[in-house]
Amino acid sequence: MNLDSVIQRPHVTEKTETLRQIGKSERYTLRVHPDANKELVRQALHNIFKVDAVEVKIINVRGKLKRFRQGKIRLPSWKKAIVILGSGQKIDFAKNA
């Protein structure tokens, strides 16, 4: 798998921003490729953003069930990674877009 396609985009919600501000270290929540694992995410962060991840957690998010006029549809499942960086390191998504 190409390391440029492992990290798809940042996942920004109220909960993720609260987690990032509470901790002493920098935490980022990222939407990643469904076939990605911890080591691939760590390598992609080092390759793209030049930062070292201290800890990587991977979570499979099940797609939600939505109701429409035509019936019920399940949205696709996806994978997210919670990354804790070393002290003094930050990810600038705007710079590397």
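See the structure above.
Asks: Provide a residue-level description of the overall build of the chain, including the pertinent values.
Replies: The helix and strand tally for the chain stands at two helices and six strands. Going from N to C terminus, the chain has its helices and strands arranged as β-α-β-α-β-β-β-β. The principal-axis extents of the C-alpha atoms in the chain amount to approximately 50 × 35 × 25 Å. Relative to its full complement of 97 residues, the chain shows a buried share of 29%. Taking as baseline every contact in the chain between residues at least 6 positions apart, the subset at least 24 positions apart corresponds to 61%. Roughly 7,000 Å² of accessible area belongs to the chain as shown, and the carbon and sulfur atoms make up 49% of that amount. Computed over 21 positive and 9 negative side-chain charges, the inter-centroid distance for the chain is 11 Å.

Asks: How would you summarise the pairing of strand S6 (residues 78–85) if you had to cite specific residues and measurements?
Replies: Burial within S6 is extensive, with eight of its eight residues counted as buried. Neither face of S6 is exposed, since Trp78, Lys80, Ile82 and Ile84 on one face and Lys79, Ala81, Val83 and Leu85 on the opposite face are all buried. As paired elements, strand S2 (residues 27–32) and S6 share six bridges and run antiparallel to each other. Bridging from a neighbouring strand, Tyr28 pairs with Val83 of S6.

Rules used throughout
- Residues numbered from 1 in each chain as written.
- Predicted model: local features only at pLDDT ≥ 70, side-chain atom pairs only at ≥ 80, totals over all residues.
- Heavy atoms only, no water.
- Helix = DSSP H or I, 4+ residues; strand = E, 2+ residues; numbered from the N terminus.
- Buried < 20%, exposed > 50% of the residue type's maximum accessible area, 1.4 Å probe, protein only.
- Contact = heavy atoms within 4.5 Å.
- Areas by Shrake-Rupley, 256 points an atom, 1.4 Å probe, with all protein chains shown as cover.
- Lys, Arg positive; Asp, Glu negative; His and termini not counted.
- Charge placed at Lys NZ, Arg CZ, Asp CG, Glu CD.
- Pairing = 2+ DSSP bridges.

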